[in-house]
Amino acid sequence: IRGTDDNGEYIVIGGHYDHVGVHLDSRKDSTATTPPDSIYNGADDNASGTTGVMLAAKALAGMKQKPKRSIVFVCFSGEEKGLLGSQAFTAECPLDITKCAAMLNMDMIGRNNPDSLSLGGGSRSPEFITLTTELNKSIERPFILAENIESYFFRSDQANFASKKIPVIFYFSGEHKDYHQ
């Protein structure tokens, strides 16, 4: 979405769509009549973030008042294999990476309690935590926000943007019993 102040600055809203693939059957029981599910199903740990990116794109594109900065929506691959997609994007960016003003990342946002959300990146970009907290107060049903995921910071795509000194925020719902299942 092109911003109204066309100075080349942009914000990235991203998520990843890859997953860890399949695992070999490790069952010892040769009498089983049905094959095991060998796919690491990852509806939360990929599809929820990319769905968030698409929903943000739809909502922002439909606004009457366009944003001042341009917004770029990116869905990365290779997150599960070492943040490869976001690493490639930041290393060989099709846009001037020095004009990237911020990055908002969504990873595993589908299994949280409907009234809560975890925020990461506060130790690197505290202004985003403050902004999110303030904006959250203005919505009809505010979320319960927690800053409890810094230990996950280097496990998701915002880390490659932060390494370029780009302010980031990371939205996450935490692990659960179905993680990577």
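About the criteria used
Residues numbered from 1 in each chain as written. Predicted model: local features only at pLDDT ≥ 70, side-chain atom pairs only at ≥ 80, totals over all residues. Heavy atoms only, no water. Helix = DSSP H or I, 4+ residues; strand = E, 2+ residues; numbered from the N terminus. Buried < 20%, exposed > 50% of the residue type's maximum accessible area, 1.4 Å probe, protein only. Areas by Shrake-Rupley, 256 points an atom, 1.4 Å probe, with all protein chains shown as cover. Disulfide = S-S within 2.5 Å. Expected span 1.5 Å × (residues − 1). Contact = heavy atoms within 4.5 Å. Phe/Tyr/Trp six-rings, centres within 6.5 Å; stacked < 30°, edge-to-face > 60°. Core = buried A, V, L, I, M, F, W, Y, C linked by side-chain atoms within 4.5 Å. Pairing = 2+ DSSP bridges. Axes fitted to C-alpha atoms, helices over the stretch in contact; angles between N-to-C directions.

Draft legend 1. Structural context of the overall build of the protein chain. From N to C terminus, the protein chain includes four helices and six strands. Starting at the N terminus, the α and β elements of the protein chain follow one another as β-α-β-α-β-β-α-β-α-β. Each of the 181 residues in the protein chain was classed as buried or not, and the buried ones make up 41%. When the accessible surface of the protein chain is split by element, carbon and sulfur atoms take 55% of a total near 10600 Å².

Draft legend 2. Region of the structure containing the state of the cysteines. Per the stated rule, a full pass over the model turns up zero disulfides. Cys100 forms no disulfide, and the closest cysteine sulfur to it belongs to Cys93, at a distance of 7.1 Å.

Draft legend 3. Molecular detail of helix H3 (residues 126-137). For H3, which comprises 12 residues, the first-to-last C-alpha distance of 17 Å matches the rise-based estimate of 16 Å (1.5 Å per residue) to within 8%. Considering only its buried residues, H3 is in contact with strand S3 (100-106), strand S4 (116-120), strand S5 (144-146) and strand S6 (168-172).

Draft legend 4. Structural detail: the packing of aromatic side chains. Applying the stated criterion across every chain, the model contains six aromatic pairs. Relative to Phe154, the ring of Phe153 lies with its centre 5.2 Å away and its plane at 85 degrees, an arrangement referred to as edge-to-face. Relative accessible area serves as the criterion here: at 0%, Phe153 is assigned to the buried category. Exposure remark for Phe154: the relative accessible area of 58% places this residue in the exposed category. Ring geometry for Phe170 against Phe172: centres 5.3 Å apart, planes inclined by 35 degrees, an arrangement best described as tilted. When sorted by exposure, Phe170 lands in the same class as Phe172, which is buried.

Draft legend 5. Broad picture of the environment of Gly122. Along the chain, Gly122 falls in the loop between S4 and H3. On the basis of relative accessible area, Gly122 is assigned to the buried category, the value being 14%. For the pair Gly122 and Glu150, spaced 28 residues apart in sequence, the C-alpha separation works out to 7.9 Å. If near-sequence neighbours (up to four positions away) are discounted, Gly122 is found in contact with Ile129, Glu147 and Glu150.

Draft legend 6. Main features of the nonpolar core. If you look at the biggest cluster of nonpolar residues, it comprises 16 residues, and the most contacted ones within it are Val12, Phe89, Cys100 and Phe161. Among the secondary structure elements, those contributing two or more residues to this core are strand S1 (10-16), strand S2 (70-76), S3 and helix H4 (158-162). Residues in contact with Val12, not counting those within four places in the same chain, are Val72, Val74, Phe89, Cys100, Ala102, Met103, Leu104 and Phe161. If you look at the next biggest cluster of nonpolar residues, it comprises 14 residues, including Ile11, Ile71, Ala102 and Leu117.

Draft legend 7. Spatial organisation of unusual backbone geometry. Notably, Leu83 is not glycine yet its phi reads approximately 60 degrees, a positive angle. When you line up the elements, Leu83 lands in the loop between S2 and helix H2 (84-91). Positive phi is not limited to glycine here, since Met108 has a value of about 60 degrees.

Draft legend 8. Structural detail: the sheet that holds S5. Taken in spatial order, the six strands of this open sheet run S2-S1-S3-S6-S4-S5, and their pairing is mixed. Single-partner strands in this sheet number two, and they are S2 and S5. For this sheet, the mean angle separating the axes of adjacent strands, direction not counted, is 25 degrees. Taken together, the three bridges between S4 and S6 define a ladder with antiparallel strand orientation. Pairing of Gly120 across the sheet is with Phe170, part of S6. Seen against the sheet, H3 touches S3, S4, S5 and S6 and runs at an angle of roughly 55 degrees to S6.

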